[in-house]
Amino acid sequence: AVWAEENTREAILAALKRREVYATTGPRIAVRFFAGRDYPVNILDSAALYADAVASGVAMGGELSGDYKQAPEFVVMAERDPQGANLDRIQIIKGWLDEDGQSHERVYNVAWSGERSLDAGGKLEPVGNSVDVETASYENSIGASALQVRWQDPEFDAGQSAFYYVRVLQIPTPRHSLYDAVALGREGVEGHPDSIQERAYTSPIWYRP
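What counts and what doesn't
- Residues numbered from 1 in each chain as written.
- Predicted model: local features only at pLDDT ≥ 70, side-chain atom pairs only at ≥ 80, totals over all residues.
- Heavy atoms only, no water.
- Pairing = 2+ DSSP bridges.
- Helix = DSSP H or I, 4+ residues; strand = E, 2+ residues; numbered from the N terminus.
- Axes fitted to C-alpha atoms, helices over the stretch in contact; angles between N-to-C directions.
- Patch = residues over 30% accessible without salt bridge, like charges linked within 9 Å, V, L, I, M, F, W, Y side chains within 5 Å.
- Areas by Shrake-Rupley, 256 points an atom, 1.4 Å probe, with all protein chains shown as cover.
- Salt bridge = Lys/Arg side-chain N within 4 Å of Asp/Glu carboxyl O.
- Buried < 20%, exposed > 50% of the residue type's maximum accessible area, 1.4 Å probe, protein only.
- Contact = heavy atoms within 4.5 Å.

Trainee: For this particular structure, what's the right way to read the sheet that holds strand S5 (residues 73-79)?
Mentor: Sheet strands line up and pair through hydrogen bonds in the backbone, either parallel or antiparallel. Judged by pairing direction, the sheet is antiparallel, and its four strands sit side by side in the order S3-S2-S5-S8 without closing on themselves. Among the strands making up the open sheet, the edge pair consists of strand S3 (57-59) and strand S8 (146-152). Across this sheet, the average inter-strand angle for adjacent strands is 15°, counted without regard to direction. Looking at chain direction, strand S2 (residues 30-36) and S5 are connected through seven bridges and run antiparallel. When the sheet's bridge partners are listed, Phe-33 is paired in S5 with Val-76.

Trainee: What is the right way to look at a nonpolar patch on the surface in this model?
Mentor: Residues Val-2, Leu-13 and Leu-16 make up a contiguous nonpolar surface patch of about 240 Å² in total accessible area. As for its position among the elements, Val-2 is in the segment before helix H1 (9-18).

Trainee: Where do I start with the pattern of salt bridges in this structure?
Mentor: On inspection of all chains with the given rule, the structure shows nine salt bridges. Of the charged contacts, one joins Arg-18 and Glu-20 as a salt bridge, the two residues approaching to 2.9 Å between their closest N and O atoms. For Arg-18, a relative accessible area of 30% puts it in the partly exposed group. Overall, the relative accessible area of 3% leaves Glu-20 in the buried class. Between Glu-63 and Arg-19 there is a salt bridge, with the nearest N and O atoms lying 3.5 Å from each other. In this pair, Glu-63 sits in strand S4 (residues 63-65) while Arg-19 sits in the loop between H1 and strand S1 (22-24), placing the two residues 44 residues apart along the sequence.

Trainee: How should I be thinking about the environment of Gly-95 in this particular structure?
Mentor: Looking at the element boundaries, Gly-95 is found in strand S6 (residues 87-97). Between the C-alpha atoms of Gly-95 and Phe-163, which are 68 residues apart in sequence, the distance is 5.3 Å. The residues contacting Gly-95, other than those within four sequence positions of it, are His-104, Glu-105, Ser-161, Ala-162 and Phe-163.

Printed below as a string of structure tokens:
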């Protein structure tokens with residue numbers, strides 16, 4: 001997907017050059033991702049979200065640089081495919097190099113559906129599974145139609161280069177092999193799960209001291 005200001009060749013190419021793009025495993029999940037500082041308190045509800053976010057920051061694909069004494073603010077908004085499954089959670093993945101040049105990544109669960117809560121290690125229990133394996137169907141009785149969050153990295157190091165990208169997970173839905181199995185009158189396919197969680201991945205935002 002490409003976030004362009006208008007549906008023209010010029011605007012789409014400009015968005016590609018800004019790297020303001022993301023991908024999904026199939027569903028038309030909508031994801032917006034920004035980072036910056038001094039954001040308005042009501043930015044998540046702002047009618048001028050894009051203008052407010054990039055006025056003192058960048059959108060996905062952009063680079064943050066300068067004197068950040070505190071962690072930048074990350075803003076994420078995700079909406080489900082209008083004809084698809086609800087959303088389970090939003091994750092922000094951080095990557096960085098340590099002093100020895102070794103690469104690291106950490107996954108943060110930053111927003112989720114339901115009344116779940118993080119454990120001491122930052123883990124989040126599964127959202128559940130509404131897939132009916134006999135009919136290869138599911139219900140949107142769990143999850144949320146939209147999720148949004150304003151988040152700061154609790155382990156931010158102002159002197160360390162890093163990148164951040166967003167991963168959005170749907171609730172479980174039937175895997176394509178289950179659809180085939182039901183059509184053929186079989187009970188699933190050996191070696192393959194009956195359900196999967198489709199997802200979306202954004203372009204990173206890079207932090208450069």
